[in-house]
Amino acid sequence: SLTPFSASEDMRSTWQGKAGRSPLQALYESDQFEQSSLQAVHQQRREMLSNICSRYTRKRRLLQPDDLRHLVVDDMHGLLYCYVPKVACTNWKRVMMVLTGQGKYQDPLGIPAHEAHIPSNLRTLSEYSIPEINYRLRSYLKFVFVREPFERLVSAYRNKFTLSYNTAFHKRYGTKIIRRHRQEPSDRALERGDDVRFEEFVYYLLDPRTQQEEPFNEHWERVHSLCHPCIIHYDVVGKYETLAEDANYILQLVGADTSVKFPASSKTTRTTDDMTAQFFQDISPFYQRRLFNLYKMDYLLFNYSIPSYLRIR
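Predicted model, so just to flag it, every value in this text is computed and none were measured.

**Student:** Explain the environment of lysine 142 residue by residue, including any values.
**Tutor:** Tracing the chain through its elements places lysine 142 in strand β3 (residues 141-146). On the basis of relative accessible area, lysine 142 is assigned to the buried category, the value being 1%. Separated by 63 residues in the primary sequence, lysine 142 and leucine 79 place their C-alpha atoms 6.1 Å from one another. Engagement of the side chain of lysine 142 in a polar contact is seen with the backbone oxygen of leucine 137, the distance being 2.9 Å.

**Student:** Explain the packing of aromatic side chains to me, and be specific about the residues and the numbers.
**Tutor:** Scanning the entire structure with this criterion turns up 29 aromatic pairs. Positioned over the ring face of tyrosine 83 is lysine 93, at 3.7 Å from the centre of the ring. One Lys or Arg, lysine 239, reaches over the ring of tyrosine 304 and ends 4.2 Å from the middle of that ring.

**Student:** Give me the lowdown on the sheet that holds strand β1 (residues 71-74), citing residues and values where you can.
**Tutor:** Reading across from one edge, β1-β2-β3-β4 is the order of the four strands in this open sheet, with mixed pairing throughout. Pairing within the sheet leaves two strands with one partner each, and these edge strands are β1 and β4 (236-239). For this sheet, the mean inter-axis angle between neighbouring strands, taken without regard to orientation, is 25 degrees. Bridge count for strand β2 (residues 79-82) against β3 is four bridges, and the pairing is parallel. Opposite leucine 80, over in β3, you have lysine 142 as the bridge partner. Against the sheet, helix α12 (residues 243-253) makes contact with β2, β3 and β4, and its axis sits at roughly 170 degrees relative to β3, the strand it touches most.

**Student:** Give me the lowdown on the layout of surface pockets, citing residues and values where you can.
**Tutor:** As a volume, the largest pocket reaches approximately 950 Å³. Taken together, 32 residues form the lining of the largest pocket, with Lys86, Ala88, Thr90, Ser155 and Asn159 sitting closest to its centre. Of all the elements in the fold, those that place two or more residues in the lining of the largest pocket are α3 (89-100) and α6 (149-161). The biggest single contributor to the lining of the largest pocket is α3, with five residues. In terms of residue class, the lining of the largest pocket is made up of 12 nonpolar, 12 polar and eight charged.

**Student:** Break down the side chain of lysine 239 for me, citing the residues and quoting the values.
**Tutor:** Checked against the element boundaries, lysine 239 lands in strand β4. Nearest to the buried, unbridged lysine 239 among oppositely charged side chains is glutamate 241, at 5.6 Å. Apart from the residues within four sequence positions on either side, lysine 239 is in contact with Arg45, Phe145, Val146, Asp246, Phe302, Asn303 and Tyr304.

**Student:** With reference to specific residues and values, describe the packing of α6 against helix α9 (residues 198-206).
**Tutor:** Close contact between α6 and α9 brings their axes to 11 Å; oriented N to C, the two are set at 115 degrees. With respect to α9, the axis of α6 lies roughly perpendicular. Where α6 crosses over α9, the handedness of that crossing is right-handed. Contacts between α6 and α9 pair Leu153, Val154, Tyr157 and Phe161 from the former with Phe198, Phe201 and Leu205 from the latter.

**Student:** Before we move on, can you summarise the pairing of β3 with the specific residues and values?
**Tutor:** With six of its six residues buried, β3 lies for the most part within the structure. Because side chains alternate across β3, one face comprises the buried residues Leu141, Phe143 and Phe145, and the other comprises Lys142, Val144 and Val146, equally buried. Sheet analysis places β3 next to β4, joined by four bridges and oriented parallel. Paired with valine 144 across the strands is valine 237, a residue of β4.

**Student:** Please give an account of the pattern of salt bridges that cites residues and values.
**Tutor:** Following the criterion strictly, the structure yields 18 salt bridges and no others. With its nearest N and O atoms 3.7 Å apart, the salt bridge here joins aspartate 235 to lysine 142. With aspartate 235 in the loop between α11 (223-227) and β4 and lysine 142 in strand β3, this pair connects stretches of sequence that are 93 residues apart. Given a relative accessible area of 3%, aspartate 235 falls into the buried group. Between arginine 147 and glutamate 151 there is a salt bridge, with its nearest N and O atoms 3.4 Å apart.

**Student:** Run through the environment of arginine 123, naming residues and quoting values.
**Tutor:** Mapping arginine 123 onto the fold places it in the loop between α4 (113-116) and α5 (130-139). Residue arginine 123 is classed as partly exposed on the basis of its relative accessible area, which comes to 41%. Along the primary structure arginine 123 and leucine 71 are separated by 52 residues, whereas in three dimensions their C-alpha atoms are 8.4 Å apart. Apart from the residues within four sequence positions on either side, arginine 123 is in contact with Leu71, Val72, Val73 and Tyr128.

Rules used in this analysis
Residues numbered from 1 in each chain as written. Predicted model: local features only at pLDDT ≥ 70, side-chain atom pairs only at ≥ 80, totals over all residues. Heavy atoms only, no water. Helix = DSSP H or I, 4+ residues; strand = E, 2+ residues; numbered from the N terminus. Buried < 20%, exposed > 50% of the residue type's maximum accessible area, 1.4 Å probe, protein only. Polar contact = N/O pair within 3.5 Å; in protein donor to acceptor, adjacent residues only side chain to side chain. Phe/Tyr/Trp six-rings, centres within 6.5 Å; stacked < 30°, edge-to-face > 60°. Lys NZ or Arg CZ within 6 Å of the ring centre and 35° of its normal. Pairing = 2+ DSSP bridges. Axes fitted to C-alpha atoms, helices over the stretch in contact; angles between N-to-C directions. Contact = heavy atoms within 4.5 Å. 1 Å grid on protein atoms, 1.4 Å probe; cavity = no way out; pocket = protein on both sides within 12 Å on 5 of 7 lines; lining within 4 Å. Points joined across faces, edges and corners; volume = space filled by probe spheres on them. Nonpolar A, V, L, I, M, F, W, Y, C, P; charged D, E, K, R; others polar. Lys, Arg positive; Asp, Glu negative; His and termini not counted. Salt bridge = Lys/Arg side-chain N within 4 Å of Asp/Glu carboxyl O. Parallel < 35°, antiparallel > 145°, perpendicular 65-115°, else oblique. Left-handed = near helix turned anticlockwise from the far one by under 90°.

Structure below.
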(Lines give C-alpha, C1' and ligand atoms only; values in the text may rest on other atoms or scores of the structure.)
Protein backbone atom coordinates (compact mmCIF):
# COMPACT_ATOMS: atom_id res chain seq x y z
CA SER A 1 0.00 0.00 0.00
CA LEU A 2 1.10 3.54 -0.68
CA THR A 3 2.06 5.62 2.27
CA PRO A 4 0.50 9.07 2.31
CA PHE A 5 2.85 11.97 1.98
CA SER A 6 2.46 15.58 2.88
CA ALA A 7 3.30 18.60 0.81
CA SER A 8 6.09 19.99 2.95
CA GLU A 9 6.55 23.70 3.56
CA ASP A 10 9.76 23.90 1.58
CA MET A 11 7.86 22.96 -1.54
CA ARG A 12 6.89 26.54 -2.22
CA SER A 13 8.26 27.61 -5.59
CA THR A 14 11.73 26.14 -5.25
CA TRP A 15 11.98 24.95 -8.82
CA GLN A 16 15.54 25.12 -10.02
CA GLY A 17 15.99 26.09 -13.66
CA LYS A 18 18.74 24.75 -15.90
CA ALA A 19 21.21 27.23 -14.46
CA GLY A 20 20.37 26.28 -10.89
CA ARG A 21 18.30 29.40 -10.25
CA SER A 22 14.57 29.49 -9.83
CA PRO A 23 12.65 30.69 -12.92
CA LEU A 24 11.29 33.63 -10.95
CA GLN A 25 14.82 34.63 -9.95
CA ALA A 26 16.05 34.31 -13.52
CA LEU A 27 13.11 36.43 -14.59
CA TYR A 28 13.93 39.24 -12.19
CA GLU A 29 17.52 39.35 -13.41
CA SER A 30 16.69 39.39 -17.07
CA ASP A 31 16.09 42.52 -19.12
CA GLN A 32 14.29 40.70 -21.89
CA PHE A 33 11.15 40.28 -19.80
CA GLU A 34 9.23 43.51 -19.43
CA GLN A 35 6.79 41.68 -17.23
CA SER A 36 6.94 43.21 -13.80
CA SER A 37 3.21 43.99 -13.83
CA LEU A 38 2.44 40.37 -14.74
CA GLN A 39 4.74 39.16 -11.97
CA ALA A 40 2.89 41.38 -9.52
CA VAL A 41 -0.47 39.95 -10.66
CA HIS A 42 0.73 36.39 -10.09
CA GLN A 43 2.29 37.26 -6.76
CA GLN A 44 -1.05 38.74 -5.72
CA ARG A 45 -2.95 35.62 -6.79
CA ARG A 46 -0.57 33.39 -4.83
CA GLU A 47 -0.92 35.54 -1.71
CA MET A 48 -4.70 35.65 -2.02
CA LEU A 49 -4.81 31.88 -2.33
CA SER A 50 -2.51 31.41 0.63
CA ASN A 51 -4.58 33.77 2.82
CA ILE A 52 -7.87 32.07 2.01
CA CYS A 53 -6.31 28.64 2.57
CA SER A 54 -4.99 29.57 5.99
CA ARG A 55 -8.35 31.07 6.93
CA TYR A 56 -10.52 28.16 5.81
CA THR A 57 -8.45 25.01 6.18
CA ARG A 58 -7.85 24.06 9.76
CA LYS A 59 -6.28 20.65 9.37
CA ARG A 60 -3.76 19.95 6.65
CA ARG A 61 -4.60 16.56 5.33
CA LEU A 62 -2.08 14.28 3.70
CA LEU A 63 -2.09 13.93 -0.05
CA GLN A 64 -2.70 10.47 -1.47
CA PRO A 65 -1.32 9.50 -4.88
CA ASP A 66 -4.95 9.24 -6.03
CA ASP A 67 -5.26 13.00 -5.44
CA LEU A 68 -2.64 13.58 -8.14
CA ARG A 69 -4.41 12.10 -11.15
CA HIS A 70 -5.01 15.59 -12.59
CA LEU A 71 -1.38 16.70 -12.41
CA VAL A 72 0.28 16.25 -15.80
CA VAL A 73 4.08 15.94 -15.69
CA ASP A 74 6.64 17.38 -18.10
CA ASP A 75 10.02 16.05 -16.94
CA MET A 76 11.89 17.79 -19.74
CA HIS A 77 10.89 21.29 -18.64
CA GLY A 78 10.30 20.60 -14.94
CA LEU A 79 6.60 21.39 -15.16
CA LEU A 80 3.44 20.19 -13.37
CA TYR A 81 0.06 21.21 -14.77
CA CYS A 82 -3.19 20.48 -12.93
CA TYR A 83 -5.85 20.24 -15.60
CA VAL A 84 -9.38 21.46 -14.96
CA PRO A 85 -11.98 20.47 -17.58
CA LYS A 86 -13.71 23.43 -19.26
CA VAL A 87 -10.73 25.73 -18.59
CA ALA A 88 -8.80 25.44 -21.88
CA CYS A 89 -7.77 21.97 -20.77
CA THR A 90 -7.74 20.40 -24.26
CA ASN A 91 -5.36 23.07 -25.56
CA TRP A 92 -3.12 22.81 -22.49
CA LYS A 93 -2.93 19.03 -22.91
CA ARG A 94 -2.01 19.57 -26.57
CA VAL A 95 0.75 21.99 -25.53
CA MET A 96 2.00 19.49 -22.93
CA MET A 97 2.13 16.82 -25.64
CA VAL A 98 4.29 19.14 -27.77
CA LEU A 99 6.55 19.92 -24.77
CA THR A 100 6.98 16.27 -23.75
CA GLY A 101 6.87 14.70 -27.20
CA GLN A 102 10.61 14.99 -28.03
CA GLY A 103 9.82 16.55 -31.39
CA LYS A 104 7.02 14.13 -32.27
CA TYR A 105 4.50 16.99 -32.32
CA GLN A 106 5.23 20.49 -33.59
CA ASP A 107 1.90 22.29 -33.57
CA PRO A 108 -0.61 21.90 -30.72
CA LEU A 109 -3.54 22.46 -33.09
CA GLY A 110 -2.28 19.61 -35.28
CA ILE A 111 -3.21 17.21 -32.46
CA PRO A 112 -6.85 16.03 -32.66
CA ALA A 113 -8.84 16.96 -29.52
CA HIS A 114 -9.71 13.35 -28.67
CA GLU A 115 -6.03 12.41 -28.80
CA ALA A 116 -5.17 15.03 -26.19
CA HIS A 117 -7.44 13.17 -23.75
CA ILE A 118 -6.00 9.68 -24.27
CA PRO A 119 -4.47 8.91 -20.85
CA SER A 120 -1.39 7.16 -22.21
CA ASN A 121 -0.31 10.28 -24.16
CA LEU A 122 0.62 12.20 -21.00
CA ARG A 123 1.97 11.00 -17.66
CA THR A 124 0.30 12.12 -14.45
CA LEU A 125 1.98 12.51 -11.08
CA SER A 126 -0.03 9.63 -9.59
CA GLU A 127 1.98 7.22 -11.78
CA TYR A 128 5.28 7.97 -10.01
CA SER A 129 6.72 6.48 -6.79
CA ILE A 130 6.36 8.42 -3.53
CA PRO A 131 9.98 9.73 -3.56
CA GLU A 132 9.60 10.75 -7.23
CA ILE A 133 6.31 12.48 -6.45
CA ASN A 134 7.83 14.41 -3.54
CA TYR A 135 10.82 15.44 -5.62
CA ARG A 136 8.62 16.79 -8.40
CA LEU A 137 6.27 18.59 -6.05
CA ARG A 138 9.23 20.21 -4.36
CA SER A 139 11.24 21.20 -7.40
CA TYR A 140 9.02 21.58 -10.50
CA LEU A 141 7.09 24.68 -11.55
CA LYS A 142 3.43 24.01 -10.71
CA PHE A 143 0.51 25.71 -12.40
CA VAL A 144 -3.26 25.51 -12.65
CA PHE A 145 -5.85 27.38 -14.73
CA VAL A 146 -9.17 28.45 -13.22
CA ARG A 147 -12.37 30.07 -14.46
CA GLU A 148 -15.42 31.86 -13.04
CA PRO A 149 -17.12 28.85 -11.37
CA PHE A 150 -20.68 29.27 -12.69
CA GLU A 151 -19.46 30.08 -16.19
CA ARG A 152 -17.44 26.87 -16.10
CA LEU A 153 -20.51 24.99 -14.80
CA VAL A 154 -22.76 26.27 -17.57
CA SER A 155 -20.03 25.48 -20.10
CA ALA A 156 -19.93 21.89 -18.79
CA TYR A 157 -23.73 21.62 -18.91
CA ARG A 158 -23.90 22.94 -22.48
CA ASN A 159 -21.12 20.66 -23.65
CA LYS A 160 -22.27 17.46 -21.95
CA PHE A 161 -26.05 17.73 -22.06
CA THR A 162 -27.07 19.85 -25.06
CA LEU A 163 -24.84 18.40 -27.79
CA SER A 164 -26.30 15.37 -29.54
CA TYR A 165 -22.97 13.53 -29.88
CA ASN A 166 -22.33 13.26 -26.13
CA THR A 167 -24.39 10.08 -25.85
CA ALA A 168 -22.08 8.57 -23.20
CA PHE A 169 -22.93 11.45 -20.83
CA HIS A 170 -26.63 11.29 -21.69
CA LYS A 171 -26.72 7.58 -20.83
CA ARG A 172 -24.44 7.76 -17.80
CA TYR A 173 -25.80 10.93 -16.15
CA GLY A 174 -28.77 12.21 -18.16
CA THR A 175 -30.98 9.16 -17.57
CA LYS A 176 -30.29 9.25 -13.82
CA ILE A 177 -30.96 13.01 -13.58
CA ILE A 178 -34.26 12.70 -15.45
CA ARG A 179 -35.37 9.66 -13.42
CA ARG A 180 -34.75 11.50 -10.13
CA HIS A 181 -35.55 15.09 -10.89
CA ARG A 182 -38.31 15.17 -13.52
CA GLN A 183 -41.93 14.60 -12.70
CA GLU A 184 -43.59 12.11 -15.05
CA PRO A 185 -40.70 11.72 -17.51
CA SER A 186 -41.48 10.11 -20.87
CA ASP A 187 -40.13 6.64 -21.65
CA ARG A 188 -37.99 8.17 -24.37
CA ALA A 189 -36.38 10.65 -21.97
CA LEU A 190 -35.72 7.89 -19.42
CA GLU A 191 -34.05 5.77 -22.05
CA ARG A 192 -32.01 8.42 -23.84
CA GLY A 193 -31.31 11.08 -21.22
CA ASP A 194 -30.54 13.61 -23.94
CA ASP A 195 -32.82 16.51 -22.95
CA VAL A 196 -31.72 17.35 -19.39
CA ARG A 197 -32.76 20.88 -18.44
CA PHE A 198 -30.29 23.12 -16.62
CA GLU A 199 -32.65 23.31 -13.65
CA GLU A 200 -32.65 19.50 -13.37
CA PHE A 201 -28.86 19.48 -13.55
CA VAL A 202 -28.78 21.95 -10.61
CA TYR A 203 -31.13 19.70 -8.57
CA TYR A 204 -28.84 16.76 -9.31
CA LEU A 205 -25.75 18.67 -8.09
CA LEU A 206 -27.51 19.67 -4.87
CA ASP A 207 -29.06 16.26 -4.18
CA PRO A 208 -27.14 14.78 -1.18
CA ARG A 209 -27.39 11.31 -2.78
CA THR A 210 -25.27 12.43 -5.73
CA GLN A 211 -21.99 12.74 -3.85
CA GLN A 212 -22.83 9.91 -1.47
CA GLU A 213 -22.95 7.53 -4.42
CA GLU A 214 -19.82 8.71 -6.22
CA PRO A 215 -17.56 11.77 -6.56
CA PHE A 216 -18.66 14.50 -8.94
CA ASN A 217 -17.61 14.06 -12.55
CA GLU A 218 -14.44 16.07 -13.25
CA HIS A 219 -16.36 18.43 -15.58
CA TRP A 220 -18.36 19.85 -12.67
CA GLU A 221 -16.14 18.96 -9.73
CA ARG A 222 -14.80 21.99 -7.84
CA VAL A 223 -11.26 23.09 -8.70
CA HIS A 224 -10.19 22.84 -5.06
CA SER A 225 -11.22 19.17 -5.06
CA LEU A 226 -9.41 18.40 -8.33
CA CYS A 227 -6.16 20.31 -7.73
CA HIS A 228 -5.85 20.71 -3.93
CA PRO A 229 -4.50 24.29 -4.02
CA CYS A 230 -4.30 24.48 -0.22
CA ILE A 231 -1.94 21.49 -0.03
CA ILE A 232 0.00 21.91 -3.27
CA HIS A 233 1.57 25.35 -3.55
CA TYR A 234 1.05 26.47 -7.14
CA ASP A 235 3.62 28.87 -8.55
CA VAL A 236 1.21 30.21 -11.17
CA VAL A 237 -2.58 30.41 -11.01
CA GLY A 238 -3.65 31.18 -14.56
CA LYS A 239 -7.11 32.46 -15.33
CA TYR A 240 -9.35 31.69 -18.28
CA GLU A 241 -10.14 35.40 -18.46
CA THR A 242 -6.44 36.20 -19.09
CA LEU A 243 -5.62 32.94 -20.84
CA ALA A 244 -3.29 34.14 -23.60
CA GLU A 245 -0.97 36.24 -21.44
CA ASP A 246 -0.89 33.72 -18.57
CA ALA A 247 -0.12 30.84 -20.94
CA ASN A 248 2.62 32.84 -22.60
CA TYR A 249 4.07 33.73 -19.19
CA ILE A 250 4.30 30.05 -18.15
CA LEU A 251 5.93 28.98 -21.43
CA GLN A 252 8.54 31.73 -20.98
CA LEU A 253 9.12 30.81 -17.33
CA VAL A 254 10.07 27.23 -18.18
CA GLY A 255 12.17 28.22 -21.18
CA ALA A 256 9.96 26.42 -23.70
CA ASP A 257 11.08 26.65 -27.32
CA THR A 258 9.80 29.93 -28.79
CA SER A 259 8.11 27.98 -31.58
CA VAL A 260 5.70 26.48 -29.03
CA LYS A 261 2.68 28.77 -28.98
CA PHE A 262 -0.48 28.40 -26.95
CA PRO A 263 -3.41 28.15 -29.43
CA ALA A 264 -5.58 31.26 -29.72
CA SER A 265 -9.04 30.54 -28.34
CA SER A 266 -12.10 30.34 -30.57
CA LYS A 267 -14.64 32.81 -29.26
CA THR A 268 -17.54 31.51 -31.34
CA THR A 269 -19.19 28.96 -29.01
CA ARG A 270 -17.68 30.19 -25.75
CA THR A 271 -19.89 30.37 -22.68
CA THR A 272 -19.95 34.01 -21.57
CA ASP A 273 -21.15 35.83 -18.48
CA ASP A 274 -24.34 37.01 -20.27
CA MET A 275 -25.10 33.49 -21.40
CA THR A 276 -24.54 32.16 -17.87
CA ALA A 277 -26.94 34.80 -16.51
CA GLN A 278 -29.66 33.53 -18.87
CA PHE A 279 -29.29 29.97 -17.56
CA PHE A 280 -29.72 31.21 -14.00
CA GLN A 281 -32.88 33.22 -14.73
CA ASP A 282 -35.13 30.22 -14.08
CA ILE A 283 -33.30 29.02 -10.96
CA SER A 284 -35.01 30.17 -7.76
CA PRO A 285 -33.03 32.30 -5.26
CA PHE A 286 -33.17 29.38 -2.81
CA TYR A 287 -31.38 27.05 -5.23
CA GLN A 288 -29.06 29.81 -6.43
CA ARG A 289 -27.84 30.28 -2.89
CA ARG A 290 -27.36 26.57 -2.30
CA LEU A 291 -25.47 26.18 -5.56
CA PHE A 292 -23.31 29.17 -4.73
CA ASN A 293 -22.46 27.59 -1.36
CA LEU A 294 -21.46 24.40 -3.15
CA TYR A 295 -18.93 26.30 -5.30
CA LYS A 296 -18.10 28.97 -2.71
CA MET A 297 -14.53 27.79 -2.02
CA ASP A 298 -13.60 28.19 -5.69
CA TYR A 299 -15.06 31.72 -5.64
CA LEU A 300 -13.01 32.59 -2.55
CA LEU A 301 -9.74 30.87 -3.41
CA PHE A 302 -9.49 32.35 -6.88
CA ASN A 303 -10.94 35.76 -6.06
CA TYR A 304 -14.12 35.72 -8.15
CA SER A 305 -16.92 37.99 -6.98
CA ILE A 306 -20.53 36.87 -6.52
CA PRO A 307 -22.18 37.15 -9.96
CA SER A 308 -24.41 40.22 -10.24
CA TYR A 309 -27.23 38.18 -11.82
CA LEU A 310 -27.70 36.05 -8.69
CA ARG A 311 -30.64 36.91 -6.46
CA ILE A 312 -29.14 35.73 -3.18
CA ARG A 313 -28.38 38.91 -1.27
